[in-house]
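# A closer look at the structure
Here's the letter readout for the chains.
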There are 2 protein chains.
Amino acid sequence: MDKKRSDCPISCSLDVIGDKWSLLIIRDVMLRGKMSYSEFLKSEEGIATNILVSRLAILEDEDILVREVAPANKSKYIYSLTQKGADLMPVIIELMDWGAKYNKNCPRKELGQKIKKDKAAVVRELSKVLKNKVK
Amino acid sequence: MDKKRSDCPISCSLDVIGDKWSLLIIRDVMLRGKMSYSEFLKSEEGIATNILVSRLAILEDEDILVREVAPANKSKYIYSLTQKGADLMPVIIELMDWGAKYNKNCPRKELGQKIKKDKAAVVRELSKVLKNKVK
DNA sequence: TATTTGTACTTGCATTTTGCAACAACAAAT
DNA sequence: ATTTGTTGTTGCAAAATGCAAGTACAAATA
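Structure report, in brief. What you see is a predicted model, and the numbers here were worked out from it, not measured in a lab.

Definitions and cut-offs
- Residues numbered from 1 in each chain as written.
- Chains lettered and ligands numbered in written order.
- Predicted model: local features only at pLDDT ≥ 70, side-chain atom pairs only at ≥ 80, totals over all residues.
- Heavy atoms only, no water.
- Helix = DSSP H or I, 4+ residues; strand = E, 2+ residues; numbered from the N terminus.
- Rg over C-alpha atoms; globule rule 2.2 N^0.38 Å.
- Buried < 20%, exposed > 50% of the residue type's maximum accessible area, 1.4 Å probe, protein only.
- Contact = heavy atoms within 4.5 Å.
- Areas by Shrake-Rupley, 256 points an atom, 1.4 Å probe, with all protein chains shown as cover.
- Lys, Arg positive; Asp, Glu negative; His and termini not counted.
- Charge placed at Lys NZ, Arg CZ, Asp CG, Glu CD.
- Least-squares fit on C-alpha atoms with pLDDT ≥ 70 in both.
- Salt bridge = Lys/Arg side-chain N within 4 Å of Asp/Glu carboxyl O.
- 1 Å grid on protein atoms, 1.4 Å probe; cavity = no way out; pocket = protein on both sides within 12 Å on 5 of 7 lines; lining within 4 Å.
- Points joined across faces, edges and corners; volume = space filled by probe spheres on them.
- Nonpolar A, V, L, I, M, F, W, Y, C, P; charged D, E, K, R; others polar.
- Expected span 1.5 Å × (residues − 1).
- Arc of directions from axis to C-beta.
- Phe/Tyr/Trp six-rings, centres within 6.5 Å; stacked < 30°, edge-to-face > 60°.
- Near = heavy atom within 4 Å.

We now examine the overall build of chain A. From N to C terminus, chain A includes 7 helices and 2 strands. Counted from the first residue to the last, chain A has its helices and strands arranged as α-α-α-α-β-β-α-α-α. For 135 residues, the compact-globule estimate of 2.2 N^0.38 gives 14 Å, and chain A sits close to it at 15 Å. A burial count over chain A gives 50% of its 135 residues as buried. Taking contacts inside chain A between residues at least 6 apart in sequence as the whole, the part at least 24 apart equals 48%. Entry remark: accessible area of chain A is about 7,100 Å², with carbon and sulfur atoms responsible for 52%. Across chain A, the mean location of the 26 positive side-chain charges is 5 Å away from that of the 19 negative side-chain charges.

Put into structure tokens, the structure is as follows:
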């Protein structure tokens, strides 16, 4: 890890995930069931290959993601959330809520609607789901 | 604003505040009562002057902060949160909680303890407080 | 067996952002 | 008249990002 700018917990969090890409990878794993390099590459935002490699390495190094060889295909890797990674879920949910509220071109889909109606319930349910997937 | 990478609300949020500095400025205004360029400069993370100027301009442009001439001193500016800026509070709280949970050198202070005990209450109370300060 | 496809990268280079240090404009205070 | 405080600007170096092409190697296909 880079050296920290301060001991403020917000600053510490941003030291790790304060960029335009890391949380999109987390989103893909957490909410879209994506698990591999090639799936992340396909996301509509269009991350570059070198950035993706670099971010995956950082996220693994920070114990946010875990990398394992795919059982079905030895030349494939599978990325999963750790508990630390899963604990970013509320951050993701809040970013989604704020983004949907202030961007006209971001229509709320099922999850967005549910968040607007009862955010706490969404967080509770997702927390349960993720707990069973965590590595 | 830059052009958006996608219509995903998370991606849209990160387009605006997905960097290492913006949310620290918001933190200073939201939680530390800071209101001016020179106060932001003093924060322990040590933001550079050109970055600070650039971020303040973006945050103002995005209607997250409002800049006004200080009543007491015409050569001073005062930055305040808009409702859109204040609505970032839950994001900040979640980042604080996550950062405190996973960084040993980030001891929870009063607010951190309160968040750990009853996050929803903190969000509710802060939301009330901020509503009275919003420009 | 030879070739193609899929998957996960690496490399090189241009562009953009960040970091650092010094300097500038201007009002208020001394 | 000079100093201090406040909000910047400028120049340059370093780091991060973006883009395009190439590589390594296992699995699938012909």
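Relating one copy of the chain to the other takes a rotation about an axis and a shift parallel to that axis. Structural alignment of chain A on chain B gives an RMSD of 0.0 Å, achieved by rotating through 180° and translating 0.0 Å along the axis. The relationship between the two copies is best expressed as a two-fold rotation axis. In terms of proximity to the rotation axis, the leading residue of chain A is Asp19 of chain A, whose C-alpha is 2.3 Å off the axis.

For the structure shown, the criterion picks out 26 salt bridges over all chains. Put simply, Lys135 of chain A and Glu68 of chain A hold a salt bridge, and the shortest N to O gap is 3.7 Å. Of this pair, Lys135 of chain A sits in the segment after α7 (110–131) while Glu68 of chain A sits in strand β1 (residues 65–69), and the two are 67 residues apart along the sequence. Note that Glu45 of chain B and Arg27 of chain B form a salt bridge whose closest N and O atoms lie 2.9 Å from each other. Note that Glu45 of chain B is positioned in the loop between α3 (37–42) and α4 (49–61) and Arg27 of chain B in helix α2 (residues 22–31), a separation of 18 residues in sequence. The same class applies to Glu45 of chain B and to Arg27 of chain B, which are both buried. Three or more residues are tied together by salt bridges with common partners; here these are Arg27, Asp28, Arg32 and Glu45 of chain A.

This part is about the layout of surface pockets. Rolling a probe over the atoms, with the probe sized like a water molecule, indicates the empty space that remains. Size it by volume and the largest pocket reaches roughly 590 Å³. Forming the walls of the largest pocket are 24 residues, and the residues nearest its centre are Pro90 and Val123 of chain A together with Glu94, Asp97 and Lys119 of chain B. The biggest single contributor to the lining of the largest pocket is α7 of chain A, with 7 residues. Here the lining of the largest pocket is composed, by residue class, of 12 nonpolar, 2 polar and 10 charged.

A word on helix α4 (residues 49–61) of chain A. Residues and elements named next belong to chain A. With 13 residues, α4 should cover 18 Å at 1.5 Å per step; its first-to-last C-alpha distance of 18 Å lies within 8% of that length. Listed as buried for α4 are Leu52, Arg55, Leu56 and Leu59. With its buried residues spanning 100° around the axis, α4 presents them on a single face. Of the exposed residues in α4, the ones pointing more than 90 degrees away from its buried face are Asn50 and Asp61. Looking at the buried residues of α4, the elements they touch are α2 (22–31), α3 (37–41), β1 and β2 (77–81).

Turning next to the packing of aromatic side chains. All names here are of chain B. Scanning all chains against the criterion turns up 4 aromatic pairs over all chains. The interplanar angle of 55° and the centroid separation of 6.0 Å between the aromatic rings of Phe40 and Tyr79 together place this pair among those described as tilted. Within this pair, whereas Phe40 is found in helix α3, its partner Tyr79 is found in strand β2 (residues 77–81), the two being separated by 39 residues in sequence. You can call Phe40 buried: its relative accessible area is 2%. Since its relative accessible area comes to 6%, Tyr79 is described here as buried.

Glancing now at the side chain of Arg55 of chain B. Residue and element names in this part refer to chain B. Assignment of secondary structure puts Arg55 in helix α4. The exposure class of Arg55 is buried, given its relative accessible area of 17%. Discounting residues that sit within four places of it in the chain, Arg55 has contacts with Asp19, Trp21, Ser22 and Ile25.

Before going further, it helps to spend a moment on the protein's contact with DNA strand D. Within the structure, DNA strand D sits among 20 residues, and Trp21, Asn50 and Arg55 of chain A together with Tyr37 and Ser38 of chain B are positioned closest to it. Sugar plus phosphate, as a fraction of atoms of DNA strand D within 4 Å of the protein: 58%. Elements that contribute at least two residues to the surface near DNA strand D include exactly α4 of chain A together with α3, α4 and β2 of chain B. Broken down by element, the residue count for the surface near DNA strand D peaks at 4 residues, all from α4 of chain A. Here the residues of the surface near DNA strand D are counted per class, giving 7 nonpolar, 9 polar and 4 charged.

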